[in-house]
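Breakdown of the fold
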There are 2 protein chains.
Amino acid sequence: MCGLADAATAIYVTVPLSGITKVQMADERAEMKVSLRDVAKQAGVSPMTVSRVINNAVSVRQETRERVEKVIASLGYIPNRLAQGLISQRTGTIGLIIPDVANPFFALVLRAAEITARREGYRLLVCNTEGDVGLERDYIHNLISHQVDGLIIAPVGDRSRSGLLPLIRRKYPLVLLDRSAEGIECDLVQGDSLGGAQRLVQHLIALGHRRIAMILGPDDVSTTRERYAGYCEALNTAGLPLDRDLIAETTVDLPGGYRAMQQILRLDERPSAIFAVNNMTALGAMQALREQGLSVPESVGLVCFDDVEHLAILAPFMTVVDQPAEAFGSMAAQMVLERIARRANEKPRLVRLPTKLIVRVSCGAGLGR
Amino acid sequence: MCGLADAATAIYVTVPLSGITKVQMADERAEMKVSLRDVAKQAGVSPMTVSRVINNAVSVRQETRERVEKVIASLGYIPNRLAQGLISQRTGTIGLIIPDVANPFFALVLRAAEITARREGYRLLVCNTEGDVGLERDYIHNLISHQVDGLIIAPVGDRSRSGLLPLIRRKYPLVLLDRSAEGIECDLVQGDSLGGAQRLVQHLIALGHRRIAMILGPDDVSTTRERYAGYCEALNTAGLPLDRDLIAETTVDLPGGYRAMQQILRLDERPSAIFAVNNMTALGAMQALREQGLSVPESVGLVCFDDVEHLAILAPFMTVVDQPAEAFGSMAAQMVLERIARRANEKPRLVRLPTKLIVRVSCGAGLGR
DNA sequence: TTGTAAGCGTTATCAC
DNA sequence: GTGATAACGCTTACAA
């Protein structure tokens, strides 16, 4: 079992399926790697002719082409993209670096980007940073060495800068997604964090909430800053004070939200509503509340940025500011493809996608507070 | 905006950021591609010495190594993996083909596989088939041409066979995940579909349900067959009749569940509970129920295979048979890495991971039916 | 410890 | 229409 067993204590049954016979093993040699040269030899033509056939070049006699194609099929020949890429200087691959695929927002981004890329004949090399700047830097290095034709990155934060700088210097086709990185000027697809946060908090205020807490991420992250600014602005406009006690800074993930909520619950004077900087922190917050036997929205209101996919269907519960995740993905893919197509020195573009306030019940709407 | 505009009607603002100056453009030439030869020339050594340095070979004098490393850093040299792969016959890349990244089950699989692969220095090329066998076949072809060192595939179904056959013939390191494909013998990581379904339906029966419908996928999919078998067995053991009217066959996705539910709702004699073959069909079913103004579990019970991540936290609602998605991913990655390490002719292995019945409220437990 | 030559699998270029 | 040759960026094998 060699290392399998300790990987997952969860193994249930391990059964060797029916074995491979000696007869089949004899075939082994026959299925060795076949290269373009092998095809050429078999077909009695030069390698160049085979190359022309697989690239659909016009100047090949129909008869020759058919003969070559027959050999290709019979040998099961598949061109080697490493060799092709080495000479053509393009791999048909785009790197996608995101903090967490299991976050529904990024899962949708990924899917949309993949679909868009595929339409243009590109594939996606996906990397998960888990919010780790060091890993992010490693991945960038890695993807460059793999000669990806372009890069879409949802950076961890401003500290991503040093890792991104080499890409800027090389004028690598690069699109930043969701978050910006201070000092990095390149194409950028963002949501309207400021406006979205503002409307969300305004909504809470309109419902009668006066003490509104915010769970936010590190100041290093642009979306956190913008959403915090929206929060402040909404309070300010309503003439409400900004109470530092009500601000809980944490990491932008589920455990972070959990911890932040615990901190908020320790306050002497608790808030009547909480605005979480994103969906994962809201889930963590929810978990902490549940453990304390507190219910939403009866005990406290809870709203956040980013919808939690699928949840809306099962239990339309959380009031959120939704972002068009799929548009983020397809837009970013499209922009990076355009950069690849004309590697020119065009000015960086900023695309800002709109948010949508979705009022459900978690904010206490309809409770007549 | 050249094609950007029609991509997403959702564009909000598009702003060119501050431009790139002529002075910076002068640098452009300086940042041209640097190769191992360039480093060698700069450092006054042969290409081989540079190669030895980047591969941490022992036989390099410390002084030489440092000199080379300094040049590497100053030139920002990054080795070209295409060239390395072409000669070493390995790319450090594993292909992962799944039907849908946005399905929480596969998102977790992906993340776990990625983490496991990274620990061993491998990267993941991720492909989404959207349940399309044709696309799946294309992707397999594609990944082979990219010279991936191994492949993890959650096949669409039995019809994936012809696409998988070439891999078997080449003895490509291959692990099938979640679903098997008829006639394909290779490593396989599966859940206990039969047992899980059986326990789930037994639970419904214990709660007093007598008319239990099932939403299932095409007969082509192994998990569907096994879960259906579990359903039949549970009914049989309890002495309940198997009513063909209560079986709705559909596609294994959200729209599929939606359609199947509509079909079930048209029955003269409706079931008191429904077993959906997976989480996505359950979500679709839920949507259809909601549109009809029917509530779960009051109007009808609804249970399914696969937990819906995050949902349990927000609203512990759906009774499910949960599968350890992360174990699926890390196990599959580990198995394919082992195949890569020793490309030997080992017999195919079957790993079956256990399921867990999680009773919540959607089944009508506690309603005193 | 370091260097030389050949070649991985493909294509650009220029002949024929 | 087709082929010979060099080259993409690197490493293996051998020599010095």
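The following paragraphs examine the structure supplied in this document.

Reading guide: rules and limits
Residues numbered from 1 in each chain as written. Chains lettered and ligands numbered in written order. Predicted model: local features only at pLDDT ≥ 70, side-chain atom pairs only at ≥ 80, totals over all residues. Heavy atoms only, no water. Near = heavy atom within 4 Å. Polar contact = N/O pair within 3.5 Å; in protein donor to acceptor, adjacent residues only side chain to side chain. Helix = DSSP H or I, 4+ residues; strand = E, 2+ residues; numbered from the N terminus. Pairing = 2+ DSSP bridges. Axes fitted to C-alpha atoms, helices over the stretch in contact; angles between N-to-C directions. Contact = heavy atoms within 4.5 Å. Nonpolar A, V, L, I, M, F, W, Y, C, P; charged D, E, K, R; others polar. Buried < 20%, exposed > 50% of the residue type's maximum accessible area, 1.4 Å probe, protein only. Parallel < 35°, antiparallel > 145°, perpendicular 65-115°, else oblique. Left-handed = near helix turned anticlockwise from the far one by under 90°. Phe/Tyr/Trp six-rings, centres within 6.5 Å; stacked < 30°, edge-to-face > 60°. Lys NZ or Arg CZ within 6 Å of the ring centre and 35° of its normal. Expected span 1.5 Å × (residues − 1). 1 Å grid on protein atoms, 1.4 Å probe; cavity = no way out; pocket = protein on both sides within 12 Å on 5 of 7 lines; lining within 4 Å. Points joined across faces, edges and corners; volume = space filled by probe spheres on them.

1. A few points about the protein's contact with DNA strand C
Close to DNA strand C lie 26 residues, the nearest being Leu 36, Ser 51 and Tyr 77 of chain A together with Thr 64 and Ile 87 of chain B. Close to the protein, within 4 Å, the atoms of DNA strand C belong to sugar or phosphate groups at a rate of 60%. Gln 84 of chain A has a polar side-chain atom sitting 3.0 Å from a phosphate oxygen of DNA strand C. Every element with two or more residues in the surface near DNA strand C is listed here: helix H2 (36–43), helix H3 (47–54) and helix H5 (81–88) of chain A together with helix H3 (47–54) and helix H5 (81–88) of chain B. Ranked by residues supplied to the surface near DNA strand C, first place goes to H3 of chain A with four residues.

2. Some details on the sheet that holds strand E7 (residues 212–216) of chain A
Residues and elements named next belong to chain A. The strand order E8-E7-E9-E10-E11-E13 describes an open sheet built from six strands, whose pairing is mixed. The sheet is open, and its two edges are formed by strand E8 (247–249) and strand E13 (356–358), each paired on a single side. If you compare each strand with its neighbour and ignore which way they point, the axes differ by 15° on average. Across three bridges, strand E11 (residues 319–322) lies against E13 in antiparallel orientation. Each bridged residue has a counterpart across the sheet, and for Val 320 the counterpart in E13 is Ile 358. Strands in contact with helix H9 (residues 193–206) are E7, strand E9 (273–276), strand E10 (301–305), E11 and E13; relative to E10, the strand with the most contacts, it is inclined by about 165°.

3. A short note on the protein's contact with DNA strand D
Not every one of the 24 residues close to DNA strand D is listed here, only the nearest: Thr 49, Arg 52 and Thr 64 of chain A together with Leu 36 and Tyr 77 of chain B. For DNA strand D, the backbone makes up 61% of the atoms found within 4 Å of the protein, where backbone means sugar plus phosphate. Between Ser 51 of chain B and DNA strand D, the recorded distance is 2.6 Å, taken from a side-chain N or O atom to a phosphate oxygen. Those elements that provide at least two residues to the surface near DNA strand D are H3 and H5 of chain A together with H3 and H5 of chain B. Partitioned by chemical class, the residues of the surface near DNA strand D number 12 nonpolar, 10 polar and two charged.

4. What about unusual backbone geometry?
Cis geometry marks the peptide bond from Val 296 of chain A to Pro 297 of chain A; its omega dihedral reads 5°. Looking at where Pro 297 of chain A falls in the secondary structure, it is placed in the loop between helix H12 (279–291) and E10. With a phi close to 60°, Gln 147 of chain A is a non-glycine residue in the positive phi region. Mapped onto the fold, Gln 147 of chain A is located in the loop between helix H7 (133–145) and strand E4 (150–153). Its relative accessible area of 14% is what places Gln 147 of chain A among the buried residues. Although it is not a glycine, Asp 178 of chain B adopts a positive phi angle of roughly 70°. With respect to the helices, strands and loops of the structure, Asp 178 of chain B is situated in the loop between strand E5 (174–177) and strand E6 (187–191).

5. Focus: the packing of helix H11 (residues 254–265) of chain A against H12 of chain A
Residue and element names in this part refer to chain A. At a minimum axis separation of 6 Å, H11 and H12 run at an interaxial angle of 50°. Relative to H12, H11 is oriented oblique. When you trace H11 past H12, the crossing you get is right-handed. Across the interface between the two elements, Leu 254, Gly 257, Tyr 258, Met 261, Gln 262 and Leu 265 from H11 touch Met 280, Thr 281, Leu 283, Gly 284, Ala 285, Gln 287, Ala 288, Leu 289 and Glu 291 from H12. In the contact of H11 with H12, the residues fall into nine nonpolar, five polar and one charged.

6. A short note on the packing of aromatic side chains
Residue and element names in this part refer to chain A. Under the criterion given, the structure shown has six aromatic pairs over all chains. Site record: aromatic cluster; members linked through ring pairs are Phe 105, Phe 106 and Phe 328. A cation sits over an aromatic face here: Arg 227 above Phe 305, 3.7 Å from the ring centre.

7. A word on helix H9 (residues 193–206) of chain B
Helix length check: H9 of chain B (14 residues) gives 20 Å between terminal C-alpha atoms against 20 Å at 1.5 Å per residue, within 8%. When we look at burial in H9 of chain B, the residues that qualify are Ser 193, Gly 195, Gly 196, Ala 197, Gln 198, Leu 200, Val 201, His 203, Leu 204 and Ile 205 of chain B.

8. Remarks on the pairing of E7 of chain A
Residue and element names in this part refer to chain A. Within E7, five of the five residues are buried, which leaves the element mostly enclosed by the surrounding structure. Going residue by residue along E7, you find Ile 212, Met 214 and Leu 216 tucked away on one face and Ala 213 and Ile 215 tucked away on the opposite face as well. Here four bridges tie E7 to E9, and the two strands are oriented parallel to one another. The residue of E9 that forms the bridge with Ile 215 is Ala 276. Across three bridges, the pairing between E7 and E8 is parallel. For Ile 215, the partnering residue across the bridge sits in E8 and is Ala 248.

9. Comments concerning empty space enclosed by the protein
Under the counting rule described, the total for this entry stands at five cavities of 30 Å³ or more. Of the pockets and cavities examined, the largest cavity occupies roughly 140 Å³. The wall of the largest cavity is formed by Leu 82, Thr 91, Thr 93, Leu 125, His 146 and Val 148 of chain A together with Arg 81, Leu 82, Thr 91, Thr 93, Leu 125 and His 146 of chain B. The residue makeup of the lining of the largest cavity, split by class, is five nonpolar, six polar and one charged.

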